[in-house]
Amino acid sequence: MKCGVVVFPGSNCDHDCYHILKHILGLSTEWIWHKDDADLDRFDAVVLPGGFSFGDYLRPGAISRFSPVMKAVTRYANKGGHILGICNGFQILLEAGLLPGALLTNRSQKFICKPVATVVETTETPFTRSCKKNAVLKLPIAHKQGNYFADTETLQRMADNGQVLLRYADAAGQVTEAANPNGSVGNIAAVANERKNVMGMMPHPERAADPLWPNVDGQAIFQSLIESIAS
Amino acid sequence: MLAKIHVTFKNGVLDPQGKAVHHALNDLGFNEVRDVTLGKYLEIKLEGVSAEEAEHRVSDMCEKLLANTVIESYRYTLDPTD
């Protein structure tokens, strides 16, 4: 299995993603510079990492979505390639229109950096298939614009089609208002496109995947991908 | 030609900053304030385009980059004297 990690100017979780994929999971992993618009067909999965690409100027992801690599990412998505966008990567995929909805500034207007609990809504995606349904994953969040928004019609369509992958929940997996860190509609923490080959998530699975750290819940996302690609 | 562009949240999108400013104005005694929307203002200097072309080009800029039309709406004016 071969993975690519896209690097934009201002990406800062790229090395964490690369480390987990290559050194912890033992996958062949390459960097992809944002100026490179060559086909991505050589990869089994492509990760858009977190960070502050282009300084988050105008809106997070608004400028990065026009980087040459995004043409290749869009072609890859249309062919069914697996794409995982984490944090800023999620914001870029939304701006590019590869995922439904948008991310607003957190309800508190503050940058939030803390561990949260999320509950797995569906296991019928390549990104969650190794999880148990309703499993609770403890994952760190670190963002200012993570307040997920979509209009009612879109939300209904996503619910009908199983496109909500993770919701913020309490430690017991209950989706409550108190467990919503940023004001996301329906506590949504991760979504997929209609075809389920593109996933975007605000929590950072790569920051909870190295066994040097006691929490490795984030591995579930990467393991799911590995299983899906192997099958 | 100067394009003056306003980008604001669409109706139904939570605008906590607008709400906070609204409350602050009410607290200061401006009781006539019914609603506050806080957004972005951009000025874009254009050269070598007719008013008609500018209209089309600025609208395109807003759709493609300046506003995220999932959450934001935009309006603009074109000032030919500037």
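As shown above, the structure is provided for reference.
Residues numbered from 1 in each chain as written. Chains lettered and ligands numbered in written order. Predicted model: local features only at pLDDT ≥ 70, side-chain atom pairs only at ≥ 80, totals over all residues. Heavy atoms only, no water.

Peer 1: Even after reading the chapter, I still don't get the interface of chain A and chain B, so can you show me in this structure?
Peer 2: Reports of interface size often rely on the accessible area that becomes lost once the parts have come together. Chain A puts 14 residues into the contact, and the matching count from chain B is 15 residues. Surface buried jointly by chain A and chain B totals about 1,200 Å² across both partners, of which 66% is contributed by carbon and sulfur atoms. When residues of chain A are sorted by the area they lose upon contact with chain B, A:Leu58, A:Arg59 and A:Leu104 head the list and together hold 42% of the total. Our enumeration of links across chain A and chain B arrives at one salt bridge. Taking the shortest distance from any N to any O, the salt bridge between A:Arg59 and B:Glu72 comes out at 3.7 Å. Here chain A and chain B share five residue pairs in polar contact (both at pLDDT 80 or more) between them. (Contact = heavy atoms within 4.5 Å. Buried area = accessible area lost by both parts, 1.4 Å probe. Salt bridge = Lys/Arg side-chain N within 4 Å of Asp/Glu carboxyl O. Polar contact = N/O pair within 3.5 Å; in protein donor to acceptor, adjacent residues only side chain to side chain.)

Peer 1: Honestly, the pairing of strand 6 (residues 112–120) of chain A in this entry has me stumped. Any pointers?
Peer 2: Regular strands place their side chains on alternate faces of the sheet. Residue and element names in this part refer to chain A. With eight bridges joining them, strand 6 and strand 7 (residues 136–143) adopt antiparallel strand pairing. Across the sheet, residue Cys113 finds its bridge partner in strand 7, namely Ala142. Bridge count between strand 6 and strand 9 (residues 164–169): four bridges; the pairing is antiparallel. Note that in strand 9 the partner of Val120 across the bridge is Leu166. (Pairing = 2+ DSSP bridges. Helix = DSSP H or I, 4+ residues; strand = E, 2+ residues; numbered from the N terminus.)

Peer 1: Help me understand the state of the cysteines in this model?
Peer 2: Two cysteines joined by a covalent bond between their sulfur atoms form a disulfide. Residues and elements named next belong to chain A. Across all of its chains, the model carries zero disulfides over all chains by this definition. Unpaired in terms of disulfides, Cys3 finds its nearest cysteine sulfur in Cys17, a separation of 10 Å. Free of any disulfide, Cys113 has its nearest cysteine sulfur in Cys87, 9.9 Å distant. (Disulfide = S-S within 2.5 Å.)

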